[in-house]
Amino acid sequence: MRPEDVPGLPEGVPERLQSGGIEELYPPQAEAVEAGVTEGESVLASVPTASGKTFIAELAMLSSVRRGGKALYIVPLRALASEKKAEFERWEEFGVDVGVSTGNYESSGEWLSSRDIIVATSEKVDSLIRNNAGWVSDLSCVVADEVHLVNDSHRGPTLEVTLGKLRKINSNLQVVALSATVGNAEEVAEWLDATLVQSEWRPIDLKMGVHYGNAISFDDGTQREVPVGKGDRQTSALVADTLDEEGSSLVFVNSRRNAEAAAKRLKNVTAEYLTGEERGELAELAQEIRDVSDAETSDTLANCVAKGAAFHHAGLASEHRRLVEEAFRDRLVKTVSATPTLAAGVNTPSRRVIVRDWQRYDGEFGGMKPLDVLEVHQMMGRAGRPGLDPYGEAVLLAKDSETRDELFERYIWADAEPVRSKLAAEPALRTHLLATVASGFAHTREGLLEFLDRTLYATQTDEPGRLERVTDTVLQYLEVNGFVDIDGDDISATAIGHTVSRLYLDPMSAAEIIDGLEWAADHREEKLRELAGVSDSEARRAASDAGDAESEESAGFRRASEMVPEADGESGDEGEGEREDENVEALETDRTYPTALGLFHLVSRTPDMYQLYLKSGDRETYTEECYEREPELLGNVPSEYEDVRFEEWLSALKTARLLEDWTREVDEDRITERYGVGPGDIRGKVETAQWLLGAAERLAGELDLSSVVAVREAKKRVEYGVRDELLDLAGVRGVGRKRARRLFEAGIETRNDLREADKSVILAALRGRRKTAESVLEAAGRRDPSMDDVDEDEADVPDATFERASERTDRGDGSGDADDPQEQASLGDFG
DNA sequence: GTAGCGGGTGTCTAGACAGCATGTC
DNA sequence: CTAGACACCCGCTAC
């Protein structure tokens, strides 16, 4: 089938496709067209990765828009939203506007109603429905990308329920579902009332095989000699072998540590194959990576990348990930060792994919659990770059012949598992039943069950009464916690229930937060007394503890790495204990109740906050910490004999301490080291805490609790990552935690100071960056922000070179800081 | 004395969505 | 209670 044979497309599109080099549709695409995707028919395309699924969706959306409709494209990851948007924007010349809506990036609700295509995550769509976004009822076409994700126990139910609601709102909605090849595509298609288009066809050949001994055996019966030298490793040999043919490799492993370790080893392989030019480019890239963050991960990654290897996992800062992905696509980085982040994320094809680890630790399972066939297929599907490679190779590794045979059985010859709905689980139903009631989709138990009856779960359950039973349990939970009123047959959401639904909180999180805040209100006086009472002895003890903890470091080193504010004098008071410890500070400044730590702990123990893992020794550390900070915690410490609850309490405390460190301006580097996390994890925790504290603020406001102010301040502090005295400054555009601290130390303590203080002092505090200083002053509302003719106050040029590297990135606008004479001067001072 | 090794022991374990209102270093 | 990779330490050996 040729583009001009496709019915229903907007004028000019077929020509545009042809001029874009598309002569002939891929077979699955043609099949979808025959099934009527461009004529409003619902279709489930169950085809391999990289076989043109997105294009099927595009055809459907374009034709839908042409008929005057509006299309929604649901992505599984935020990172994919912008990728898809960019892809769809090529249709703008045909009058098709594209908008994106995700949690962190929103083109405002109303503006979206003027878009023809909207890209959003399933959670965002769910949230928009809960908040009655008007345009949702205008939809004529919805695309569900990676629809097999309904199989995911955590996020699957959201997709499932959201599709159900969209179809209920728009009775003639066209559903285009895109899925990897799964075991029960017919069943899924039936659920969606869609025509199934199933195919194994791929644009590039994929050879799958297992490496064992000195060769890879492929599924087509061929073999390839890849000898493993003595002391050498399979992975290294396979990467070198690919490089001999100038191909790149993607290595999937089962833990972050393994990803890093593999990259460290593989860099010695890739280093052999680099040209001089590549070395130069990689050196630049390595520097860019170092500039992203001062955490150790950053250095490790940079060292690997400099030699042409990289690792990729969720502990990396998103900037790191982006740089690695881009460099790999540009073939500059020759190999990437990755956890599954890369298998599901943005498109990063590779000549050869090596699935090194096919088992992963699973605490619930109690040991190493084999990966799902679907997941391994997803990884293997990354092999082969269209237009660049003659074919892709996916290789599993076996140490003995039995394993080789098992791997063939288990993954190469096997079909992917069937997709199973995970809806009938309490956590999923808790949130979705409340939302269903709150947004008026049902107002009786029967109505709820009827709604649930249209889900995938209902079509495939083999345990009839289950859904009904869980529904009753959940309804009871919601009623007990005051989120719904049940009056005979009638179910309605309470005011707070509506709020919880709209805030997109798990009702259990909301209940935990409300309990905690009410508990705080009840115990306020008592706890404040306790805090004041112990503060003296506590302070002394805390100070000596900190002394022990820090004893291996010199004060100077600590200052450089941690950038603690007291480094340059906490306005006059130079007492030994003052200078030493953070806990003292907390007790002195957190006069408010609840304290920041208390609130951090509260939100950290909700099910919406992903728990930090307790390492060996952590149990003791945080048990002690728990009793020490007990007056601050909002609720009664569970008994140590209640193992699970106590452990969760401690784990939440660890998270809370991380957040507290962040709001005490402890350096990233130090936080990563102290909590055994990556820079990406800090961002994640901070983001979640911000969201949950925002929700807590709303709940407190609605329940008229006195803690609103404390919650708001804690939220602000998390947002900016600063102590309370910097809140005013950090709120100024262009001023973050570091600049705020510098200004504060230079005596610029408030926004008003920025407007009135001596410019030379400000300039010095911002280390002579005129452009930066000007924009900061402007943002602060100073009348005369110009920095012309201002001399930098020479007396105080803190750490001019220490952070120079990270400063470099804000020259992106070409403002020319580099030839600023002051900058040269401060460099000179250092040398 | 030291680099390189083999073996025993202890440690640790993937990912990532959401409110609201605007902008980090 | 389950599994596997790796870091780390120890002691040995070959130079």
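Along each chain, numbering runs from 1 in the same order as the chain's sequence is written. To label them, take the chains in the order written and letter them from A, then take the ligands in the order written and number them from 1. Only residues with pLDDT of at least 70 get local features here, since the model is predicted, and only at 80 or more are side-chain atom pairs given and counted; chain-wide, interface and lining totals rely on the full set of residues. Water and hydrogen atoms play no part in the side-chain values, which are based on all heavy atoms of the structure.

Per an unreviewed UniProt entry, chain A carries the name ATP-dependent DNA helicase Hel308 and comes from Halogeometricum luteum. UniProt positions are given in the numbering used here, feature names are shortened, and annotations may be inferred rather than shown by experiment. UniProt annotates chain A under Function (unreviewed entry) with the comment "DNA-dependent ATPase and 3'-5' DNA helicase that may be involved in repair of stalled replication forks."

As a further point, take the overall build of chain A. Looking only at helices and strands, chain A features 38 helices and 19 strands. Between buried and exposed lies partly exposed: a residue is buried under 20% and exposed over 50% of the maximum accessible area for its type, with that area taken using a 1.4 Å probe on protein chains only. For chain A, with 831 residues in total, the buried portion stands at 56%. In chain A, once contacts between residues fewer than 6 apart in sequence are set aside, the share between residues at least 24 apart is 71%. Each accessible area value is a Shrake-Rupley result obtained with a 1.4 Å probe; residue values ignore everything except the protein chains displayed when judging cover. Element-wise, carbon and sulfur atoms account for 46% of the exposed surface of chain A, whose accessible area totals about 35200 Å². Each helix is a run of H or I in the DSSP string that is no shorter than four residues. Each strand is a run of E no shorter than two, and both are numbered from the N terminus. Residues are treated as being in contact if the distance between any of their heavy atoms lies within 4.5 Å.

Turning to a negative patch on the surface, a few remarks are in order. Taken together, the side chains of Glu-277, Glu-281, Glu-284, Glu-288 and Asp-330 make up a negatively charged region of the molecular surface. Residue Glu-288 is classed as partly exposed on the basis of its relative accessible area of 43%. Patch definition: residues with relative accessible area over 30% and no salt bridge; like charges joined within 9 Å; nonpolar side chains (Val, Leu, Ile, Met, Phe, Trp, Tyr) joined within 5 Å. Should a side-chain nitrogen of Lys or Arg be within 4 Å of a carboxyl oxygen of Asp or Glu, the pair is scored as a salt bridge. In this tally, Lys and Arg are treated as positive and Asp and Glu as negative; His is ignored, and so are the chain termini. Where a charge lies is defined by one atom per residue type: Lys uses NZ, Arg uses CZ, Asp uses CG and Glu uses CD.

The next point concerns the protein's contact with DNA strand B. A cutoff of 4 Å decides nearness: a residue is near a molecule or strand if any of its heavy atoms lies inside that distance of it. The environment of DNA strand B is formed by 46 residues, the closest being Ala-314, Tyr-610, Tyr-613, Gly-736 and Arg-737. Sugar and phosphate atoms constitute 54% of the interface atoms of DNA strand B, taking the interface as everything within 4 Å of the protein. In this structure, Arg-256 approaches DNA strand B through a side-chain N or O atom, which is 2.9 Å from a phosphate oxygen. Looking at the surface near DNA strand B, the elements that each hand over two or more residues are α6 (122-130), α10 (256-270), β15 (359-362), α21 (495-503), α30 (679-702) and α33 (737-745). Examining the composition of the surface near DNA strand B, we find that five residues originate from one element, α30, more than from any other. Here the surface near DNA strand B is composed, by residue class, of ten nonpolar, 18 polar and 18 charged. As used in this structure description, the phrase polar contact means that two N or O atoms lie within 3.5 Å; if the pair is within protein, one of them must be able to donate a hydrogen and the other to accept it, and residues adjacent in sequence are counted only when both atoms belong to side chains. Note on residue classes: Ala, Val, Leu, Ile, Met, Phe, Trp, Tyr, Cys and Pro are nonpolar, Asp, Glu, Lys and Arg are charged, and everything else, Gly too, is polar.

Near DNA strand C the following residues occur: Arg-233, Arg-257, Asn-258, Ala-261, Arg-265, Arg-356, Gln-359, Tyr-361, Gly-366, Gly-367, Met-368 and Lys-399. Within 4 Å of the protein, atoms of DNA strand C come from sugar and phosphate in 56% of cases. Note that a phosphate oxygen of DNA strand C is positioned 3.0 Å from one of the side-chain N or O atoms of Arg-265. In this structure, Met-368 approaches DNA strand C through a main-chain N or O atom, which is 3.5 Å from a sugar or linking oxygen. Every element with two or more residues in the surface near DNA strand C is listed here: α10, β15 and β16 (367-370). A per-element tally of the surface near DNA strand C places α10 first, with four residues. Its residues placed into classes, the surface near DNA strand C shows three nonpolar, four polar and five charged.

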